[in-house]
Amino acid sequence: MTVTHVAKDTERLTMTMTAEYDVTAERAWALWDDPRQLERWWGPPTYPATFVDHDLRAGARVTYFMTGPTGDQPRGFWDVLEVEAPRRLVVQDGFADHGWAPIDAMPSNRMVLDIADRDGGGVVMTVTSTFGSLEAMEQLIAMGMEEGMTLAMGQIDAILAG
Amino acid sequence: MVVDQLSDAGVDRLFHALADATRRDIVRRTVDGEHSVSGLARHYPISLTAVQKHVAVLEDAGLVVKHRHGREQRVVGNHDALRRAQQLLDELDRLWHGRLDRMGTLLDEDSRGGTT
């Protein structure tokens, strides 16, 4: 059972996403630590993500690309800032050009993951995204734009699977 | 989709306009009704010229509409543009709802003995 909550703070330019899962912290951490699992949720079904370099160690750079419906492949990266497996991960998420160089003109955002134990078992996963500007928020939205349309489909799939 | 209603340049202008605290405050005040530029200027510790510049940025982004009433310049907020900004934030909201849902689906597969 998943309970999700998304709180927007347009003044502080942060969004906080919370979900509860009936698993251990180690299992929840693997969703981020195992690139093959990460690929199954990072991009929407119409914009699947492929992670190229993936090593969750402070100072490492994780690279990925997404493949759009028209074959476009925007590239992104995470600069890993803090890692405390299986509890906390802090990365700077940005866009890269086709040589994997960060595109400074494109905004990046800081993403903080916290995995806390829930009373009675399970975990609470909190992801906080902080943006340098509203432009940064908009760019991310443009990248995830397909999501609005595919979400309904994903929910139907989940119901059928259940 | 929401962004289809705006060109990329239009979206950039919209969010650049909203990225400044004084401009956001001008939008908040003018969305409920018309204000003169000189009246707005009294709320901020900056010059009338600086306020006029902020209003010009907002006007360029389509967030406010400016017109002349006698010798006064008056400004009123544009509800449609603000609604578009809110819709863009809602899209980001949906992006993360989708991600958290997909994580849940993956974890559910474990308990059903599915492949991971």
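Residues numbered from 1 in each chain as written. Chains lettered and ligands numbered in written order. Predicted model: local features only at pLDDT ≥ 70, side-chain atom pairs only at ≥ 80, totals over all residues.

A. The arrangement of the overall build of chain B in detail. Looking only at helices and strands, one finds five helices and three strands in chain B. Starting at the N terminus and ending at the C terminus, chain B contains elements arranged as α-α-β-α-α-β-β-α. Residues counted as buried form 32% of the 116 residues belonging to chain B. For chain B, the proportion of contacts with a sequence separation of at least 24, taken over those separated by at least 6, is 55%. (Helix = DSSP H or I, 4+ residues; strand = E, 2+ residues; numbered from the N terminus. Buried ≥ 20, exposed ≤ 12 C-beta atoms within 10 Å, placed from the backbone. Contact = placed C-beta atoms within 7 Å.)

B. Seen up close, the confidence of the model for chain A. Averaged over chain A, the pLDDT score is 79; the fraction of residues at 70 or greater is 69%. The low-confidence segment residues 144–162 of chain A, where pLDDT is below 50, has 32 contacts with residues more than four positions distant or belonging to other chains. (pLDDT = per-residue confidence, 0-100.)

C. Representation of the sheet that holds strand S3 (residues 72–77) of chain B within the structure. All names here are of chain B. The three strands lie next to each other as S1-S3-S2, forming an open sheet whose pairing is antiparallel. On the outer flanks of this sheet lie strand S1 (35–36) and strand S2 (64–69), each paired with one strand and no other. Each of S1, S2 and S3 is contacted by helix H2 (residues 21–31), which is oriented at about 90° to S3, the strand it contacts most. (Pairing = 2+ DSSP bridges. Axes fitted to C-alpha atoms, helices over the stretch in contact; angles between N-to-C directions.)

D. Focus on H2 of chain B. Residue and element names in this part refer to chain B. Here H2 has its buried residues at Arg23, Ile26, Val27 and Thr30. Axial view of H2: buried residues confined to an arc of 100°, hence all on one face. Projecting away from the buried face of H2 at angles above 90 degrees are the exposed residues Ala21 and Arg28. (Arc of directions from axis to C-beta.)

E. Examining the nonpolar core more closely. Core analysis: the biggest nonpolar cluster contains 30 residues, and Tyr21, Ala28, Leu31 and Met125 of chain A have the highest contact counts within it. At the level of elements, strand S2 (14–21), helix H1 (25–33), strand S4 (61–66), strand S5 (75–84), strand S6 (88–96), strand S7 (109–117) and strand S8 (123–131) of chain A together with helix H5 (79–111) of chain B are the ones that each hand at least two residues to this core. In terms of nonpolar packing, the next biggest core, distinct from the first, is built from 13 residues, Leu40, Ala41, Val64 and Val75 of chain B among them. (Core = buried A, V, L, I, M, F, W, Y, C linked by C-beta atoms within 7 Å.)

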